[in-house]
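Chain by chain, the residues:
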Amino acid sequence: MSKIISVANQKGGVGKTTTIINLTTALAMSGYKTLVVDIDPQSNTTSGFGMKSESMSNTIYELLIGKKPARDCIEKTDIEKLFMIRSTINLVGIEIEIVGMNKREFILMQRLEEIRNDFDFIFIDCPPSLSLITLNALVASDSVLIPVQCEYYALEGLTLLLNTIKMIKNKLKPSLEIEGYLLTMFDSRLRLSNQVAAEMSRFFHDKVFNTRIMRNVKISESPSFGKPVVIYDPFSVGAKNYTELAHEFLKNNGKEIIHKFDNILTYEPPNFEIVNKPVPENNINEIK
Ligand SMILES: Nc1ncnc2c1ncn2[C@@H]1O[C@H](COP(=O)(O)OP(=O)(O)O)[C@@H](O)[C@H]1O
Ligand SMILES: [Mg+2]
């Protein structure tokens with residue numbers, strides 16, 4: 001049976017989507033059949049894989065309202081062993097549609113039931129809120145991976161998130177666990193990054209992943225090319241960090257790396273269509 005993991009933090013811009021895209025790609029490349037479920041109406045994960053989200057009739061929206069079974073919503077990505085259920089902007093109104101439904105917090109869990117055995121891992125990308133949709137994701141999950149951006153107020157919203165998780169454990173899903181806290185956009189030159197890291201270990205001990213995701217411009221460039229950074233620039237620090245994270249994640253879950261791709265040159269990259277979209281402006285300092 002697959003393990004279902006939500007990537008959640010109600011703060012926006014902390015690296016949830018980036019983590020989902022790259023961790024799942026690295027897991028698929030390591031030999032594990034993985035499904036990504038995008039439940040954020042912004043559909044950044046969907047577009048990050050170079051997939052469109054408009055005018056589709058087999059998205060997470062149809063799945064949640066019960067119009068399509070999960071099996072019909074699963075699509076292949078360009079990466080072998082990696083599959084996805086797309087999101088769509090239509091999802092913005094979903095809360096109103098499901099709020100009156102019976103067992104409304106369990107809808108996603110029930111809908112994913114029939115495909116649970118088809119994958120090794122299922123990852124759910126949550127929207128930046130603690131809405132009914134996020135509750136559905138957490139209730140459907142075995143564990144939650146929490147990205148924490150190494151920034152001012154990094155820990156501020158965590159109490160709220162942890163209280164929500166506690167409530168879910170008490171009332172809705174006792175077996176929900178914390179997969180781990182992931183430090184993102186880490187910059188070892190900054191005292192602030194190091195302070196956030198120290199605070200995180202002080203509070204959460206070994207639940208903090210040893211792997212830290214550095215701030216890296218290749219990571220922020222890659223979505224505009226519709227590619228995960230591990231494929232867009234396999235030699236970048238970002239690619240290296242996410243590969244390490246996948247290996248740490250597998251180890252924590254008692255799994256072997258079936259297909260070792262440490263040496264990225266041995267991996268045959270999928271044949272991506274070259275899109276010449278301009279790279280978005282950003283003021284991020286590249287490390288490397
Ligand atoms: N390690 C990183 N280095 C540089 N930019 C990053 C990094 N992680 C994420 N970003 C960028 O920060 C922005 C927010 O990240 P995203 O993953 O979309 O966050 P969330 O899903 O939590 O809202 C995106 O533009 C993304 O490309
Ligand atoms: Mg996101």
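Residues numbered from 1 in each chain as written. Chains lettered and ligands numbered in written order. Predicted model: local features only at pLDDT ≥ 70, side-chain atom pairs only at ≥ 80, totals over all residues. Heavy atoms only, no water.

S.K.: Please clarify how the packing of helix H7 (residues 132-140) against helix H8 (residues 158-171) should be interpreted in this entry.
M.R.: A packed helix pair is summarised by two numbers, namely the angle formed by the two axes and the spacing between the axes. Between H7 and H8, whose axes approach to 11 Å, the crossing angle comes to 55°. As summarised for this structure, H7 and H8 are arranged oblique, according to the angle between their axes. When you trace H7 past H8, the crossing you get is right-handed. Contact with H7, carried on its side by Leu 135, Leu 138 and Val 139, involves Thr 164, Met 167 and Ile 168 of H8 and no other residues of that element. Looking at the contact of H7 with H8 residue by residue, the classes come out as five nonpolar, one polar and no charged. (Axes fitted to C-alpha atoms, helices over the stretch in contact; angles between N-to-C directions. Helix = DSSP H or I, 4+ residues; strand = E, 2+ residues; numbered from the N terminus. Parallel < 35°, antiparallel > 145°, perpendicular 65-115°, else oblique. Left-handed = near helix turned anticlockwise from the far one by under 90°. Contact = heavy atoms within 4.5 Å. Nonpolar A, V, L, I, M, F, W, Y, C, P; charged D, E, K, R; others polar.)

S.K.: Even after reading the chapter, I still don't get the layout of surface pockets, so can you show me in this structure?
M.R.: A probe matching the size of a water molecule, rolled over the atoms, marks out where space remains unfilled. By volume, the largest pocket amounts to about 550 Å³. For the largest pocket, the lining is made up of 32 residues, of which Gly 13, Gly 15, Thr 17, Thr 18 and Met 185 are closest to its centre. Broken down by secondary-structure element, the contributors of at least two residues to the lining of the largest pocket are helix H1 (16-29), helix H2 (44-48) and helix H10 (217-221). It is H1 that provides the largest number of residues to the lining of the largest pocket, a total of six residues. Class assignment of the residues belonging to the lining of the largest pocket gives a composition of 13 nonpolar, 15 polar and four charged. (1 Å grid on protein atoms, 1.4 Å probe; cavity = no way out; pocket = protein on both sides within 12 Å on 5 of 7 lines; lining within 4 Å. Points joined across faces, edges and corners; volume = space filled by probe spheres on them.)

S.K.: I would appreciate a short explanation of the pairing of strand S6 (residues 143-149) in the present structure.
M.R.: Residues in a regular strand point their side chains to alternate faces of the sheet. Counting buried positions along S6 yields seven of seven residues, so the element is predominantly enclosed. The side-chain alternation of S6 yields two buried faces, one formed by Ser 143, Leu 145, Pro 147 and Gln 149 and the other by Val 144, Ile 146 and Val 148. When strand S1 (residues 3-7) meets S6, the two strands line up parallel, connected through three bridges. Counted as the bridge partner of Ile 5 is Ser 143 from S6. In terms of strand pairing, S6 meets strand S7 (residues 177-184) through seven bridges, oriented parallel. (Buried < 20%, exposed > 50% of the residue type's maximum accessible area, 1.4 Å probe, protein only. Pairing = 2+ DSSP bridges.)

S.K.: Please explain the site of ligand 1 as it appears in this structure.
M.R.: Within the structure, ligand 1 sits among 15 residues, and Gly 13, Lys 16, Thr 17, Thr 18 and Met 214 are positioned closest to it. Calculation on ligand 1 without its partners gives an accessible area of 550 Å², and the protein chains cover 81% of this total. Cavity membership is defined here by more than half of the atoms lying within 2 Å of grid points; on that basis ligand 1 lies in the largest pocket. Sorting the residues of the shell around ligand 1 by element identifies H1 and H10 as the ones contributing at least two each. With three residues, the single largest contributor to the shell around ligand 1 is H1. Partitioned by chemical class, the residues of the shell around ligand 1 number six nonpolar, seven polar and two charged. (Near = heavy atom within 4 Å. Areas by Shrake-Rupley, 256 points an atom, 1.4 Å probe, with all protein chains shown as cover. Sits in = over half its atoms within 2 Å of the grid points.)

S.K.: In this structure, what is going on with helix H9 (residues 191-204)? I would like to understand it.
M.R.: Because an α-helix packs 3.6 residues into every turn, residues spaced three or four apart end up facing the same way. Between its terminal C-alpha atoms H9 stretches 20 Å, which fits the 20 Å expected from 14 residues at 1.5 Å a residue. One or two steps after H9, the chain reaches His 205, where phi turns positive at roughly 45°. (Expected span 1.5 Å × (residues − 1).)

S.K.: How should the packing of aromatic side chains be read in this particular structure?
M.R.: Describing an aromatic ring pair means giving the distance of the ring centres and the angle of the ring planes. Applying the stated criterion across every chain yields a total of eight aromatic pairs. Taking 6.1 Å as the distance between ring centres and 50° as the angle between the ring planes, the aromatic pair formed by Phe 203 and Phe 204 counts as tilted. We classify Phe 203 as partly exposed; its relative accessible area is 45%. Judged by centre distance (5.0 Å) and plane angle (25°), the ring pair of Phe 225 and Tyr 232 falls under stacked. What makes Phe 225 buried here is its relative accessible area of 17%. Lying across the ring of Phe 83, Lys 33 places its NZ or CZ 5.4 Å from the centre. (Phe/Tyr/Trp six-rings, centres within 6.5 Å; stacked < 30°, edge-to-face > 60°. Lys NZ or Arg CZ within 6 Å of the ring centre and 35° of its normal.)

S.K.: I tried to follow helix H12 (residues 237-252) on my own but got confused; where do I start?
M.R.: The end-to-end C-alpha distance of H12, which contains 16 residues, comes to 22 Å, matching closely the 22 Å that a straight helix rising 1.5 Å per residue would cover. H12 sits mainly inside the fold: twelve of its 16 residues count as buried. Those residues of H12 that fall on the buried side of the exposure criterion are Val 237, Gly 238, Ala 239, Asn 241, Tyr 242, Thr 243, Leu 245, Ala 246, His 247, Glu 248, Phe 249 and Leu 250. Where H12 is buried, its residues meet S1, H1, strand S5 (121-125), S7, H10 and helix H11 (229-232).

S.K.: Can you help me understand the nonpolar core in this one?
M.R.: Buried together is how nonpolar side chains tend to be arranged in soluble globular proteins. Formed by 55 residues in total, the largest nonpolar core has its most connected members in Ile 39, Ile 60, Leu 64, Leu 108, Ile 124, Ile 146 and Met 200. In this structure Ile 146 touches Ala 8, Asn 9, Leu 158, Leu 161, Leu 162, Ile 165, Ile 178, Gly 180, Tyr 181 and Leu 182, once residues within four positions along its chain are discounted. Membership of the second largest hydrophobic core comes to 32 residues, among which are Val 36, Phe 209, Leu 245 and Phe 249. (Core = buried A, V, L, I, M, F, W, Y, C linked by side-chain atoms within 4.5 Å.)

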